[in-house]
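Survey of secondary and tertiary structure
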Amino acid sequence: MGVRESAVEGVEGSMSFDRGFYKGKRVLVTGHTGFKGAWLCRILIDAGAVVTGYALSPPTKPALFDLADIKGKMTDVTGDIRDLEKLRFVFEAAQPEIVLHLAAQPIVRASYKDPHHTYETNVMGTVDLMECVRQSSSVRSVLNVTTDKVYQNKEWCWGYREDDPLNGFDPYSNSKSCSELVTDSYRNSFFSDGRVAISTVRAGNVIGGGDFARDRIIPDCVRAVMAKEAIGVRNPRSIRPYQHVLEPLAVYLMIAKKQYQDIRYSGCYNVGPDDRDYLTTGELVRLFCRYWGAGAEQVDRSEKDAPHEAGVLKLDNSKLKSTFGWRPRWDVEKSVEMTCRFMKLWSRDGDIPREMDMEIEEFTKGNG
């Protein structure tokens, strides 16, 4: 059976997070205490995977990792991705079959404040991870999570494809471009024998419940509403590929599984929304205000001397669609609705683990 012939089977597995495949699999997640990492670990634990996480302490207070009721259900190792010796020890102890690399300094504006830390974490952290994979006898599938910002941005109106030049402008984006190049070099230099399948995935902007980071638009909206303040929008005309966090996580799990089974699936992939779901930041905030309801209002707080960020950023998902038969599940309105539902529940001290499981189940079934 060829790669294309098995596409439908592959995408169906991804939409249910293929609990059968991940049951009993030894999975190492770096950056597990972050927003994406906490959602990913919840999915894997519920699927019966044997999960080890390696990361710094949660980067925010509050933190989804603390709210998600997962810490006692996995091996939780506090460590810096730049600490090669400790990371080697974790690989030796966990003997992972699948490695999902999410550890990063992920904020553009923070990268302007401390570019050295950003490059050290995002570039040398990738080198450290690939060194551990190179020396491991257990690993069969590796996925490095990067970003839509890896491309040389020409501010054009169509989506970047996987073979477009990599050259992110700001230190964060550029460091992730470098992470892509490091991964490709290790793939070519040390894994051409096919013993380990390695992919990178370039995801668009994610939104969803449980994100408390600074300098991200939806968390900033929630903070403003909770403080009974108007929502200030720095770059209201910037266009971004907004998608619910479960969208790329489903893709990560799909690719990690498929390349584990057939190395021909390894490579680099974009994952973002369809064209109709690209919005300006101002339009996204208006959607947030609609679904949040009373108390949410928007003001323009454009910054004249703000650090450079891309004005237009789009991804072409054709490769992901043609290879796996993949399609996005939730449009941007549904994504904003679910985000507001989650954050309102959190503001009332509601049952967050139950809400996460309900959203995962609803996403799996494709309702809405």
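Scroll up for the structure.
Residues numbered from 1 in each chain as written. Predicted model: local features only at pLDDT ≥ 70, side-chain atom pairs only at ≥ 80, totals over all residues. Heavy atoms only, no water.

Points about the nonpolar core
Counting 76 residues, the largest nonpolar core has Trp39, Leu44, Leu100 and Phe288 as its most contacted members. Those residues in contact with phenylalanine 288, other than ones at most four positions away along the chain, are Ile218, Cys221, Val222, Val225, Ile231, Ala296, Val336 and Cys340. Of all hydrophobic cores here, the second largest spans 22 residues; its members include Leu87, Phe91, Phe191 and Ile198. (Core = buried A, V, L, I, M, F, W, Y, C linked by side-chain atoms within 4.5 Å. Buried < 20%, exposed > 50% of the residue type's maximum accessible area, 1.4 Å probe, protein only. Contact = heavy atoms within 4.5 Å.)

Some points on the side chain of glutamate 355
Along the chain, the position of glutamate 355 falls in helix α14 (residues 352-365). When its relative accessible area of 6% is taken as the criterion, glutamate 355 is described as buried. Ignoring sequence-local partners within four residues, the contact set of glutamate 355 consists of Arg341, Phe342 and Leu345. (Helix = DSSP H or I, 4+ residues; strand = E, 2+ residues; numbered from the N terminus.)

Focus on the pattern of salt bridges
Summed over the entire model, instances satisfying the criterion amount to 25 salt bridges. For arginine 134, the salt bridge goes to glutamate 131, with nearest N and O atoms at 2.9 Å. Of the two residues, arginine 134 and glutamate 131 are both situated in helix α7 (residues 115-134); the distance of 3 residues between them amounts to about one turn of the helix. On the accessibility criterion, glutamate 131 (13% relative accessible area) is buried. Put simply, arginine 264 and aspartate 262 hold a salt bridge, and the shortest N to O gap is 2.8 Å. (Salt bridge = Lys/Arg side-chain N within 4 Å of Asp/Glu carboxyl O.)

Quick look at empty space enclosed by the protein
Inspection of the entire model under this criterion finds 1 cavity of 30 Å³ or more. Looking at the largest cavity, its volume works out to about 40 Å³. The wall of the largest cavity is formed by Tyr242, Gln243, Glu247, Gly272, Pro273, Asp277, Pro328, Trp330, Asp331 and Val332. By residue class, the composition of the lining of the largest cavity is 5 nonpolar, 2 polar and 3 charged. (1 Å grid on protein atoms, 1.4 Å probe; cavity = no way out; pocket = protein on both sides within 12 Å on 5 of 7 lines; lining within 4 Å. Points joined across faces, edges and corners; volume = space filled by probe spheres on them. Nonpolar A, V, L, I, M, F, W, Y, C, P; charged D, E, K, R; others polar.)

A look at the packing of aromatic side chains
Note on aromatic pairs: each is described by the distance of the centres and the angle between the planes. Scanning all chains against the criterion turns up 12 aromatic pairs. Taking the centre distance of 6.0 Å and the plane angle of 45° together, the rings of tryptophan 39 and phenylalanine 342 count as tilted. Highlighted residues: tryptophan 39 in helix α3 (residues 35-46) and phenylalanine 342 in helix α13 (residues 332-347), separated in sequence by 303 residues. Residue classification places tryptophan 39 among the buried residues on the basis of a relative accessible area of 0%. Clustering of aromatic rings is evident, with ring pairs tying together Tyr151, Trp156, Trp158 and Tyr160. (Phe/Tyr/Trp six-rings, centres within 6.5 Å; stacked < 30°, edge-to-face > 60°.)

Some remarks on helix α8 (residues 171-190)
Compared with the 28 Å implied by 1.5 Å per residue over 20 residues, the 28 Å span of α8 between its first and last C-alpha is a close match. The opening residue of α8 is aspartate 170, an N-cap whose side-chain oxygen sits 3.1 Å from the backbone nitrogen of tyrosine 172. (Expected span 1.5 Å × (residues − 1). Polar contact = N/O pair within 3.5 Å; in protein donor to acceptor, adjacent residues only side chain to side chain.)

Concerning the environment of valine 201
Within the fold, valine 201 resides in strand β6 (residues 197-203). A sequence separation of 50 residues divides valine 201 from valine 251, and the C-alpha atoms of the two residues are 8.5 Å apart. Sequence-distant contacts of valine 201, defined by excluding residues within four places in its chain, comprise Leu143, Asn144, Val145, Thr146, Thr147, Val251, Tyr252, Ile255, Tyr269 and Val271.

Details of the packing of helix α9 (residues 217-226) against α13
Following both chains from N to C, one finds α9 and α13 inclined at 40°, their axes separated by 12 Å at the closest point. As summarised for this structure, α9 and α13 are arranged oblique, according to the angle between their axes. Note on packing geometry: the crossing formed by α9 with α13 is right-handed. For the pair α9 and α13, contact is made by Ile218, Val222 and Met226 and by Thr339, Met343, Trp346 and Ser347, respectively. In terms of residue class, the contact of α9 with α13 is made up of 5 nonpolar, 2 polar and no charged. (Axes fitted to C-alpha atoms, helices over the stretch in contact; angles between N-to-C directions. Parallel < 35°, antiparallel > 145°, perpendicular 65-115°, else oblique. Left-handed = near helix turned anticlockwise from the far one by under 90°.)

So far we have only geometry, and geometry alone does not tell us how the molecule works.
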